[in-house]
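Observations on the model geometry
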Amino acid sequence: MSRGGYWCHLVPLVIIFLIHLGGLYFYTTGFFLTRHSIDEISSCENPPVAVANSSGCWSQKIYKKAVVLIIDALRYDFAIKHDQIEAEGSYWKNHLPIFDSIIKDPTKGSGHLFKFIADPPTTTMQRLKGMTTGGLPTFFDASDNFDTSESIKEDSWIYQLYLNGFRTVFMGDDTWGHLYPSYFKRNYSYPSFNVKDLHTVDNGVIEHLLPEMRGGDWDVIIGHFLGVDHVGHRFGPDHPAMIEKLQQMNHVVSNVIDEIDDETILFVLGDHGMTTDGNHGGASDLETEAALFVYSKKETANNEYTYERVVHQIDIVPTISTLLGLPIPYGNLGKVIPELYINMNLNIFTDPINEIPTEQKVCDSLKYLTDMSYLEASQLNTYLNKYSELSSQIPEDEVKKLTMVLLDANALKEQYDNEKLVCSEMVIKKYHNLYKRYVSYHDSVLELCTRLWSTFDTNFMLLGIFLVALSVIFLFYSLKGISIINIFVKNKTFWLICILRFFSLWSNSYIETEELTMLYLVLTVLCLKILPKITNNGEESGIMFILLIVCIRLSTNVTGGKHESYNFSESALDTFIIMCITTILIYLKKGHGIQTTTWILSSCATLLLNSVFPNNIAIALNVISSIIVVIVLLKLLTNGKVFYNLVASSLSLVLVAIYWISIQVDYIDDKMSSNMDQWILRILIPLFIYSNSVIAMLYSLLYEHKNMGIVISIFPTLMILLGPPSVYSLTLIVVILHLLKYIVIHAETGTFDIAAIMYLLSILFFYFTGHAPRFDALQFSAGFIGFDYYNYTIGGILMILNTFASMIIFVILLPFVDNRKNINGNTGYNNNVLLSFLLLVCVSTMSTMLFTYFARRHLMVWRIFAPKYMFDAAILLVVDIVIILSYSLI
Amino acid sequence: MEGIYNTPLEDPEWTEIYIEWMIGLVLASNVGFCWLVQNRHHNRKLHVAEILVITILGFTVGTLLFQFIAICFGAPLLTNVSRTLHFGALLSAFSFLSPCLFMGFDTNQWIRVYANHSPKNKLERFLYYTGYGSVIGAWLGAIPIPLDSDRPYQVWPVSCVYGATGGYILGVFIWFISLGGFRKDHKD
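Some points on the confidence of the model for chain A
Residues and elements named next belong to chain A. In this model, chain A carries a mean pLDDT of 81, and residues with pLDDT of at least 70 account for 85%. Here residues 141-149 is a poorly scored stretch, pLDDT under 50, and it has 20 contacts once near neighbours within four places are set aside; other chains count. Residue range residues 822-828 is modelled with pLDDT below 50. Its contacts to residues more than four positions away, or to other chains, number three contacts.

Looking at the packing of helix α27 (residues 726-747) of chain A against helix α30 (residues 805-817) of chain A
Angle between the axes and distance between the axes: these two values describe a pair of packed helices. Residue and element names in this part refer to chain A. In the contact formed by α27 and α30, the axes pass within 11 Å of each other and the chain directions differ by 20°. Judged by the angle between their axes, α27 and α30 are roughly parallel. When the axes of α27 and α30 are compared, the crossing they make is right-handed. Along the contact surface, α27 presents Leu-730, Ile-733, Leu-737, Leu-740, Lys-741 and Val-744, while α30 presents Ser-806, Ile-809, Phe-810, Leu-813, Phe-816 and Val-817. Grouping the constituent residues of the contact of α27 with α30 by class yields ten nonpolar, one polar and one charged.

So, the interface of chain A and chain B
Opposite the 22 residues of chain A that make contact, chain B presents 23 residues. Summed over both sides, the interface between chain A and chain B buries roughly 1,900 Å², with carbon and sulfur atoms accounting for 66% of that surface. Contact with chain B buries surface across chain A, with Leu-516, Tyr-520 and Arg-553 of chain A losing the most and accounting together for 32% of the total. For the pair chain A and chain B, the number of links is zero salt bridges. Applying the counting criterion to the chain A and chain B interface returns five residue pairs in polar contact (both at pLDDT 80 or more). When contributions to the side of chain A that touches chain B are tallied by element, the ones reaching two or more residues are α18 (508-512), α19 (514-534) and α20 (539-557) of chain A.

Here's the deal with the pattern of salt bridges
Residues and elements named next belong to chain A. As enumerated under the stated definition, the model contains 21 salt bridges over all chains in all. Between Glu-40 and Lys-386 there is a salt bridge whose closest N-O contact spans 3.2 Å. Taken as a pair, Glu-40 in the loop between α1 (3-31) and β1 (65-71) and Lys-386 in helix α12 (residues 360-390) lie far apart in primary sequence, 346 residues in all. For Glu-40, a relative accessible area of 33% puts it in the partly exposed group. According to the relative accessible area criterion, Lys-386 is partly exposed, its value standing at 22%. For Asp-417, the salt bridge identified is with Lys-413, shortest N-O distance 2.8 Å. You can see Asp-417 and its partner Lys-413 sitting in helix α13 (residues 396-419), four residues apart, about one turn around the helix.

Cut-offs and rules
Residues numbered from 1 in each chain as written. Chains lettered and ligands numbered in written order. Predicted model: local features only at pLDDT ≥ 70, side-chain atom pairs only at ≥ 80, totals over all residues. Heavy atoms only, no water. pLDDT = per-residue confidence, 0-100. Contact = heavy atoms within 4.5 Å. Axes fitted to C-alpha atoms, helices over the stretch in contact; angles between N-to-C directions. Helix = DSSP H or I, 4+ residues; strand = E, 2+ residues; numbered from the N terminus. Parallel < 35°, antiparallel > 145°, perpendicular 65-115°, else oblique. Left-handed = near helix turned anticlockwise from the far one by under 90°. Nonpolar A, V, L, I, M, F, W, Y, C, P; charged D, E, K, R; others polar. Buried area = accessible area lost by both parts, 1.4 Å probe. Salt bridge = Lys/Arg side-chain N within 4 Å of Asp/Glu carboxyl O. Polar contact = N/O pair within 3.5 Å; in protein donor to acceptor, adjacent residues only side chain to side chain. Buried < 20%, exposed > 50% of the residue type's maximum accessible area, 1.4 Å probe, protein only.

Following this line, the structure appears as structure tokens:
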């Protein structure tokens, strides 16, 4: 290829890439609005209003000390007592009996169990921010979950503890250390992101918790357990490991309850829940409903009333502050939890109040509760005024209206306070109504904030859509050798697919079932374009075609295994299916009877052996036989070319098998091998595989068949990142590409149709490699393969390789499948197939952007459209980059 | 993932009865017509026994073929087998059985009519239009299945069955129109 041709291909691609970057940037800024953070700090000397108090800063110090235990992913139904014992959920039901036993037995002190509602996104860092500052999260924060380097600048109760001279001791998840550097007197933190490690953090917390409590040199202890969350991520809630973990937590909590004294309050809380497969991040009920358990030896409200009571997560902020006599954090939007202030049997949520014991104690505590609400509402009003001063987001007249509501309530309160009445039913009712006024003021402010912080900048969004649409038009003109009219007339199928794909992103239902939609579309293309030609072509093409569609159908849901809890012994059937397909391929290719018979026999033997041998050996057999199949298939695909790469990859694949076997066997035997073995197996093998891939890739750039060489070289890396299910998914990709190449040559399929088929298949395999456009479906554990710690750059690259593996393979192999020009002797790089692939990606991203724009007030926008947009944007950029790289290198 | 195909039918019996009646109707008319007219392909009137054998064979093969195709397009393999089977049988009656009866099992003729889009006479055009009509109708019928408006017609295979029926009727209609235009070209 001449130098001039090279640049004339590359420059338009770079321009398109830049247009995409710009378009996505504008759209993203318009779509994900940000909340301004206000750096003001509440100070002890200047309370918003003065409340009678003798010991604390803004209010009475009801408790001198506090213990806050965070059990990551403690779902509400893990904590409550279930009466019926069913088989379903037996791994997590009723394994935390301590909460129920405390609530049922008033002699042990008073305990409350609340349903603790989290604001989505339900990721740990966002939740910690919410539970310490009392602010609402913005959606965009979710992507910062892994970037914990920036500390929180907003006011929080942790900072207030530090300012007011409390001795705070922290132990557990090191996210806290990043968020609140240097605020802790003693800090025992442990790295948190290795989800495979179930015990290090928890054992660390347990080691320090009771000794610290007995030591006495503390005011507040915060402990953050990660085990439950990690069991969820690794195995899902329905796994024996969950029982073990919950029982351990139960044990810790009961020890702590035995230790604490009358002056101490205990909070045990979950930051979020988990879905049925153990992930979190979204907005479903299972993810947002965490548990909050509050315990103290002082008398508070009747326990039974708080059962099933719903509390917002930010409510814990003013509650902790006022109980410990601290200033309420400046930006807090939560309201105090009333049950913790009333030390009588009184349900303030029943209206009208019946049979009220008219004791002075009741009146006093109710009065105290209104004092606290008054204090918290006044701080909220200060914040609201400050915010509207700094930003025009909140209209002033709304602020004035709300302030009037508050002032009315305040005037009423002053009047009641001055009356100094003897306690009676009348007085209780008065204070009760007053309290409700504060609550309603609070709720309207919260409603206003939520509404305003979820508005969109439509101009920016439209500009973003316009830029991506511009790139689509630009791509039209870049297609070489075909006039615009010809493109439309001659490639009706391609346009049909473009249009169907465009509208398939219009409804959330199609996005949810995208996998099946893609299957339907890809088969449509095959039936329209390839079937009529293949019928003229004889038997072998026919068999190849049927094999191809069967393989494509296999890629939807034959293996049910979830990425992290993939069951080896059950996957024998998968291996068997692949072996059968390989057998047919070898037969068609070589026609050797003996070889085929050997394969059939060995595949039957694998299936049989798997059922005979004990688990460990069955796993080893299964992995080994799968890897052999993979190597044979790769050899078949390369057809004798790129020999060095094949040898290097085969070596790596054998190591991948050893790595998987070691991991599985370790868990089953429940014994950890020595540190040295661990290091070799867990660190050295993946690192060797990565470097082997890189070297082989560089090597393959020097020779012919570069695309093939690169894919063969990168194959083991993708396999180890995608985990054991990739034995099945990645080999199916290889088989499908092999068949497709054969069929495409025989059916003389046009470039555009090949691009369409490859594009639809790449989306199909995005799902089949275990991904989905949802944040909770990201396979975070892939970022740790080969590393004990989370490195932002390397982990990010590994995550991208893991998530977009199918797109990367399909894009690199596009010229391999569509290589007719090479047959004609023209070695020029086929431009159109890549450009039309890119065109389809652009159209689908543009469509997502457009429909997300229209659906921005849709019920499902945060659950489906926004994550879908994020993933589509990422796919667009990844495809751009891979295409540019393959242009400039190959 | 196949969940959308497994929504329970509002009125399973009615759907099945509808499909079975429809199949019966098409089968009867095909067999009857084949028995009445002289079969061009065979150059003679087929014997009743021959017709029955071809019907049973063609219908079974067609049913299995369309069931396979439906499964490839995403219908469930192991659940709701009866529904998929009914759908396959309907499409078989609409578009597979009649060519079996009127063109025999001659692959070349099938390829000429269907793959190369060149039906030569009235009968072949009828087979061509109704065959493509019902298949395209069934294909279009799958489009509303994933939508979440929970209507009874969205349940697999109801919409596809309606689509196939509509497509078949439309095919007959187009054939009628085409009769006038093509009469002079191929006088058979």
